[in-house]
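This is what each chain is made of:
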Amino acid sequence: MSNYETHPGLSAVHPELPPIADDLETARKDLAAFGCARLAGALSDTEVREIREAVAQVAEGEVQEGTDYLYSGGSNQRVWSLFNRGEEFLRLAEHPSALALMETALGPKPLMSNLSANITGAGGTAMVPHWDQDWAERPWPHALAAHVIWMLDDFTVENGATLVAPGSHLLDGPPPEGTLVPATGPAGTALAIDGRIWHGTGANVSQDARRMGILAYYCRPWIRQQENMALSMAPEVQADLSPQRRALFGLDFHEYLNMVGGPPRDLPRY
């Protein structure tokens, strides 16, 4: 019998997500036990509105410039490199609740691996289910990467809420068919998923709804990031980063990694 079938509170045929948590500690416990968690009210209504407007402006600008990343027949759009698009996105990358959830999955000092937005429009098809760390050879004794998906609209079954298979982080392969369930929630909710969770964007079967979310992708501090931040991050953005942000984006020395011409001269020797 697989771990999925014996994990407390889970069914191999009809898995259920834990309820949306009202507090961070409950969400952290859910993330450890189920491989996924939802935290209510992680963003205020004002923050949701401001960030959503900023994403919409960037997305429309890319369409007008012909630099957009449209897919699913043009119904869906991905907006990359949000760390170059404004202070509100840098604040989102270092959001205390996000970092606390990521430390639960990844340990101390997680890195920002990528920061992008995903917009699903009516008629957008479901994404092929996948893991967020399938670039690494198994076995996976722990998460190497993890996501915080910020809901900027209500995530519903109709508009393609992210599909997840709770508990699948305990498996050595995909879960049984029929175990993906929609991670719905009101705008402002943070959905955290372990990199070993089987998941994918749902199909938007609505008539005209446009659902927007931000994908904040993190990794352990010794993992190569999805974005090469030294090259992808605009020089003027890098120049204004605080020491804490430089560390978060993997631009600093870390335990004999990411050296430039050797370690710092004042580093304590063994």
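Only a predicted model underlies this, so the values are computations on that prediction, with no experimental measurement involved.

Caption draft 1: Representation of the overall build of the protein in the model. Counting its regular elements, the protein contains eight helices and ten strands. A globule of 270 residues ought to have a C-alpha radius of gyration of about 18 Å, and the protein, at 19 Å, matches this closely. Taken over the C-alpha atoms alone, the protein extends approximately 55 × 50 × 35 Å along its principal axes. Taken across its 270 residues, the protein has 51% of its residues classed as buried. Summing over all exposed atoms, the protein offers an accessible surface of approximately 13200 Å²; the carbon and sulfur share of this is 52%. Between the mean site of the 19 positive side-chain charges and the mean site of the 34 negative ones, the protein shows a separation of 7 Å.

Caption draft 2: Representation of helix α5 (residues 96-106) within the structure. Of the positions making up α5, those classed as buried are Ser97, Ala98, Ala100, Leu101, Met102, Ala105 and Leu106. As for α5, its buried residues are in contact with α2 (24-34), β1 (36-39), β5 (145-151), β8 (190-194) and β10 (211-219). Looking one or two residues beyond α5, the residue adopting positive phi is Gly107, at roughly 85 degrees.

Caption draft 3: Examining the environment of Ser206 more closely. The topology assignment puts Ser206 in the loop between β9 (199-200) and β10. The spatial distance from the C-alpha of Ser206 to the C-alpha of Asp266 is 59 Å, given a sequence separation of 60 residues. Beyond its immediate sequence surroundings of up to four residues, Ser206 is in contact with Ala122 and Glu158. There is a polar contact of 3.0 Å between the side chain of Ser206 and the backbone nitrogen of Ala209.

Conventions adopted
Residues numbered from 1 in each chain as written. Predicted model: local features only at pLDDT ≥ 70, side-chain atom pairs only at ≥ 80, totals over all residues. Heavy atoms only, no water. Helix = DSSP H or I, 4+ residues; strand = E, 2+ residues; numbered from the N terminus. Rg over C-alpha atoms; globule rule 2.2 N^0.38 Å. Buried < 20%, exposed > 50% of the residue type's maximum accessible area, 1.4 Å probe, protein only. Areas by Shrake-Rupley, 256 points an atom, 1.4 Å probe, with all protein chains shown as cover. Lys, Arg positive; Asp, Glu negative; His and termini not counted. Charge placed at Lys NZ, Arg CZ, Asp CG, Glu CD. Contact = heavy atoms within 4.5 Å. Polar contact = N/O pair within 3.5 Å; in protein donor to acceptor, adjacent residues only side chain to side chain.

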